[in-house]
Amino acid sequence: MIAVEENPQHVQQADIVVAIPTFNEAAFIGRAVEIVGRGLREHYPDRSSVIINCDNHSVDGTREAFFQAPVEVPRLYLSTEPNRRGKGANLRMLLEKLTTLTPHAVLILEADITNMAPVWMRLFLEPVFRGAAYVTPLYVRHKYESTLTSGVVYPMLRCLYGRRVRQPDAGDCAFRGDLVPVFLNAPAWSQAVEGTGIDVWMGTVALTSRVPVWQTLIGSPKRHRAKDPFAHLASRFRNVLAAMFDQMAAYADFWKRVKWSKPTALFNLDGQEMDNPPLVEINAARLHQRFLEGFQENEGLWRQVFEPAAMNKLDEIRRMPYEQFTFPSQTWAAVLFDAACAYRRFSDEERLRLLDSLMPLYLGKVVAFVKRTERMSVQQAEEYVEETCAIFEEYKPYLVDRWPS
């Protein structure tokens, strides 16, 4: 629900809407608005546009910085209630407003991207004007960046819904205006989606809507303000898995019929030169220790959830010395599939306990990925990710056979 709306230029309709969700982003929103405005004027000067700030009732001056940015494109400010938090809450509010603006194309960009460029407006929006209904970015990434995507989200969504969309939860996307009612009426909206599960939720809704889904090659990394990559990992991990598992229940009839994945259209394949991704360092030894600690805390629950073959393999993995540590992708697929089935049967309280118990196993998988790929190039590591996805697809009948009716 929209608690506050400021529309000083009385915008009633726009061909293009660029939305920037925020919570206390006064230091970044002004620059983001300037770049968006330049990009819209450079690439779409003949189309009516509006920039919308979807805010979580920020108290640091985000609203003022948004309106003070020197751009010619009309602006509109929306805010949730003071006690309502989460990117999902911001975007739900946006979707409600879009029903009256009836845009042809919508672009969502995060406010704190420090290397955003005006050309990104064309890279995201042009596929929509050429026939795409939903567009996800393909950023240049280091092999250890976004391991939650490469180790969980990408293999699961590709296996379940049959499309090879490499960064479905990147945080930024574009979509055709007629998807607005699809999103508003989609199932499995939850508290997890209101938080950080919104990106994977939207990607899944698009994948199950049988509309053209494209990827757009950005050609550069996505750089944020400096922050600890593990600071909010636990809450994001919980929200992302909850969103995926909830949607598995809602879309079971869809994904049970999917046998194999197919490639996704790629825009800008022959575009600009590629930048180098920033170095990402991981303390694998520390993550390995957290994996072992997780065994002590969660073994009883795991023995209730995982099939004996998977649990026996986990026991074997636990006994491996760090130097020889590995975590086979087939075992990882079995763990996630068993967890999804158990989640379907569990109460709400049991579900939270289950999701949190999976974190140390995920960290163990990250350790195994680092050790397997430490001497590989980014491209070689990417090929290994693709091999993992293929194993998930091959192992999918295991999930279908065990899925609760």
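Residues numbered from 1 in each chain as written. Predicted model: local features only at pLDDT ≥ 70, side-chain atom pairs only at ≥ 80, totals over all residues. Heavy atoms only, no water.

Student: Please set out the side chain of Asp199 residue by residue, giving values where relevant.
Tutor: Structurally, Asp199 can be placed in helix α8 (residues 198–208). We classify Asp199 as buried; its relative accessible area is 15%. Filtering out sequence-adjacent residues up to four positions away, Asp199 remains in contact with Lys87, Pro168, Asp169 and Gly171. (Helix = DSSP H or I, 4+ residues; strand = E, 2+ residues; numbered from the N terminus. Buried < 20%, exposed > 50% of the residue type's maximum accessible area, 1.4 Å probe, protein only. Contact = heavy atoms within 4.5 Å.)

Student: With reference to specific residues and values, describe the packing of helix α5 (residues 147–161) against helix α13 (residues 329–345).
Tutor: Where α5 meets α13, the axes come as close as 12 Å, and the angle between the chain directions of the two elements is 75°. Taken together, the axes of α5 and α13 are roughly perpendicular relative to one another. Together, Gly151, Val152, Met156 and Cys159 of α5 and Trp332, Leu336 and Phe337 of α13 make up the contact between the two elements. Considered class by class, the residues forming the contact of α5 with α13 number six nonpolar, one polar and no charged. (Axes fitted to C-alpha atoms, helices over the stretch in contact; angles between N-to-C directions. Parallel < 35°, antiparallel > 145°, perpendicular 65-115°, else oblique. Nonpolar A, V, L, I, M, F, W, Y, C, P; charged D, E, K, R; others polar.)

Student: Any chance you could break down the packing of aromatic side chains for me, citing the residues and the numbers?
Tutor: One pass over the structure, following the stated rule, counts 22 aromatic pairs. Ring centres of Phe337 and Phe392 lie 5.8 Å apart, and the angle between their planes is 80°; this geometry places the pair in the edge-to-face category. Here Phe392 lies in helix α15 (residues 378–394) and Phe337 lies in helix α13, a separation of 55 residues in the sequence. Among the aromatic residues, ring-to-ring pairing joins Tyr134, Phe175, Phe183, Trp189 and Trp201 into one connected group. (Phe/Tyr/Trp six-rings, centres within 6.5 Å; stacked < 30°, edge-to-face > 60°.)

Student: Kindly report on the sheet that holds strand β1 (residues 4–6), identifying the contributing residues and their values.
Tutor: In space, the nine strands of this open sheet follow the order β1-β4-β3-β2-β5-β7-β6-β8-β9, with mixed pairing throughout. Single-partner strands in this sheet number two, and they are β1 and β9 (265–267). On average, each strand axis in the sheet is inclined to that of its neighbour by 20°, with strand direction left out of account. Relative to strand β4 (residues 75–79), strand β3 (residues 49–55) runs parallel, the two sharing five bridges. In the strand pairing of β4, Ile51 is matched with Arg75. Along the sheet face, helix α4 (residues 119–129) touches β2 (16–22), β5 (105–108), β6 (134–138), β7 (173–176), β8 (213–217) and β9 and points at about 150° away from the line of β5. (Pairing = 2+ DSSP bridges.)

Student: Mind laying out the pattern of salt bridges, listing which residues take part and the relevant values?
Tutor: Enumeration according to the criterion identifies 25 salt bridges in this entry. Here Glu126 and Arg130 are joined by a salt bridge, their closest N and O atoms 3.4 Å apart. The partner of Arg351 in a salt bridge is Asp246, with the nearest N and O atoms 3.9 Å apart. Separated by 105 residues along the polypeptide, Arg351 in helix α14 (residues 348–373) and Asp246 in helix α9 (residues 233–250) bring together distant segments of the chain. Accessibility classification places Arg351 together with Asp246 in one group, the buried group. The network of salt bridges with shared partners includes Lys87, Glu110, Asp172, Asp199 and Lys222. (Salt bridge = Lys/Arg side-chain N within 4 Å of Asp/Glu carboxyl O.)

Student: Tell me about the pairing of β6, and name the residues and values.
Tutor: Most of β6 is tucked away, with five of its five residues classed as buried. Covered by surrounding structure in β6 are Tyr134, Thr136 and Leu138 together with Val135 and Pro137, the residues of both alternating faces. Where β6 and β8 come together, five bridges link them in parallel fashion. Its bridge partner being in β8, Thr136 is matched across the sheet by Gln215.

Student: Tell me about the side chain of Lys371, and name the residues and values.
Tutor: As for its position among the elements, Lys371 is in helix α14. Of the buried charged residues, Lys371 lacks a salt bridge, with Glu374 as the closest side chain of opposite charge at 5.1 Å. At 3.3 Å, the side chain of Lys371 and the backbone oxygen of Tyr322 are in polar contact. Setting aside anything within four residues of it in sequence, one finds Lys371 in contact with Tyr322, Glu323 and Phe325. (Lys, Arg positive; Asp, Glu negative; His and termini not counted. Polar contact = N/O pair within 3.5 Å; in protein donor to acceptor, adjacent residues only side chain to side chain.)

Student: Break down α4 for me, citing the residues and quoting the values.
Tutor: In an α-helix, one full turn covers 3.6 residues, which means residues spaced three or four apart are oriented alike. Across the eleven residues of α4, eight count as buried, placing the element largely inside the fold. Every buried residue belonging to α4 is among Trp120, Met121, Leu123, Phe124, Leu125, Glu126, Pro127 and Val128, and all of these are buried. In the stretch just after α4, Gly131 is the one whose phi turns positive, near 125°.

Student: I'd like to hear about the nonpolar core, residue by residue, with values.
Tutor: Judged by nonpolar contacts, the single largest core of 110 residues is most densely connected at Phe175, Met202, Phe245, Met248, Phe306 and Tyr362. Per-element tally for this core: the top contributor is α14, with twelve residues. Here Met248 is in contact with Met156, Leu160, Tyr161, Trp255, Ala340, Leu399 and Trp403, once residues within four sequence places are set aside. Counting 37 residues, the second largest nonpolar core, distinct from the first, contains Ile29, Val36, Phe66 and Leu107. (Core = buried A, V, L, I, M, F, W, Y, C linked by side-chain atoms within 4.5 Å.)

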